[in-house]
Amino acid sequence: MSLSSILSADAIDSAVKGCQAPDTFCPKKFFQMCGLAKKTPQDVKKVFAILDNDGSGYIEEEELKFFLQRFSPAARVLTERETKAFLSAADDDSDGRIGADGEKIFGILYMIFCSMTRSRLFS
Ligand SMILES: [Ca+2]
């Protein structure tokens with residue numbers, strides 16, 4: 001399973017290009033640009049499983065650093081500042097990792113879902 005089977009290559013490409021410069025990565029903007037914001041919760045879980053490289057059930061700081069490279073191997077790694085900001089936005093219980101269930105990364109994604117696909121999700 002790779003991300004390109006869930007998201008379109010063009011969308012991944014433009015999302016990665018949109019944050020090419022260090023310290024310009026914005027999770028919300030990225031999720032919208034790569035098309036993840038329009039995906040179903042099931043697809044989001046698949047993406048999570050890919051980002052959770054070691055299958056621990058959490059996305060740790062080390063995995064988060066390579067976030068962009070999971071989408072496109074040629075992409076840069078996130079800077080320490082971006083990694084920390086992403087983690088603190090998504091890590092609800094401050095254990096230094098992002099969990100698949102009930103934690104804030106899905107809160108963020110669902111917020112985007114709600115604004116973009118409310119009828120599809122909640123009808
Ligand atoms: Ca992990």
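All values derive from a computational prediction rather than experimental measurement. (Residues numbered from 1 in each chain as written. Predicted model: local features only at pLDDT ≥ 70, side-chain atom pairs only at ≥ 80, totals over all residues.)

**Q** Just give me the short version of the overall build of the chain, but keep the residues and values in it.
**A** Each helix and strand in the chain was counted, giving 7 helices and 2 strands. Counted from the first residue to the last, the chain has its helices and strands arranged as α-α-α-β-α-α-α-β-α. Here the chain holds 123 residues, and 24% of them are scored as buried. Taking contacts inside the chain between residues at least 6 apart in sequence as the whole, the part at least 24 apart equals 50%. (Helix = DSSP H or I, 4+ residues; strand = E, 2+ residues; numbered from the N terminus. Buried ≥ 20, exposed ≤ 12 C-beta atoms within 10 Å, placed from the backbone. Contact = placed C-beta atoms within 7 Å.)

**Q** I'd like to hear about unusual backbone geometry, residue by residue, with values.
**A** The phi angle at Asp23 is positive, at roughly 65°, despite the residue not being glycine. With respect to the helices and strands, the residue Asp23 is situated in the loop between α1 (9-17) and α2 (27-33). On the basis of neighbour count, Asp23 is assigned to the exposed category, with 11 C-beta atoms found within 10 Å.

**Q** Now, about the UniProt feature "binding site: Ca(2+) 2" (unreviewed entry) in the chain: what can you tell me, with residues and values included?
**A** Those places that UniProt annotates as "binding site: Ca(2+) 2" (unreviewed entry) correspond, in this numbering, to Asp91, Asp93 and Asp95. Note that Asp95 resides in the loop between α6 (80-90) and β2 (97-99). We classify Asp95 as exposed; it has 11 C-beta atoms within 10 Å. (UniProt positions renumbered as here; feature names shortened; annotations may be inferred.)

**Q** Describe the UniProt feature "binding site: Ca(2+) 1" (unreviewed entry) in the chain, listing the residues and the values that go with them.
**A** Residues given the UniProt feature "binding site: Ca(2+) 1" (unreviewed entry) here are Asp52, Asp54, Ser56, Tyr58 and Glu63. Looking at the element boundaries, Asp54 is found in the loop between α3 (41-51) and β1 (58-60). Residue classification places Asp54 among the exposed residues on the basis of 10 C-beta atoms within 10 Å. Tracing the chain through its elements places Glu63 in helix α4 (residues 61-65). By C-beta crowding, Glu63 is classed as partly exposed, having 18 other C-beta atoms within 10 Å. In contact with Glu63, other than residues within four places in its own chain, are Leu51, Asp52 and Asn53.

**Q** Pulling in residues and values, what's your account of the nonpolar core?
**A** In terms of nonpolar packing, the biggest core is built from 19 residues, with Ala15, Val16, Phe30, Cys34, Leu36 and Phe71 touching the most fellow members. Counting residues per element, the ones that place at least two in this core are α1, α2, α3, α5 (67-71) and α6. No other element matches the 3 residues that α1 contributes to this core. The contact partners of Val16, leaving out residues within four places of it in the chain, are Leu68, Phe71, Ser72 and Ala75. (Core = buried A, V, L, I, M, F, W, Y, C linked by C-beta atoms within 7 Å.)

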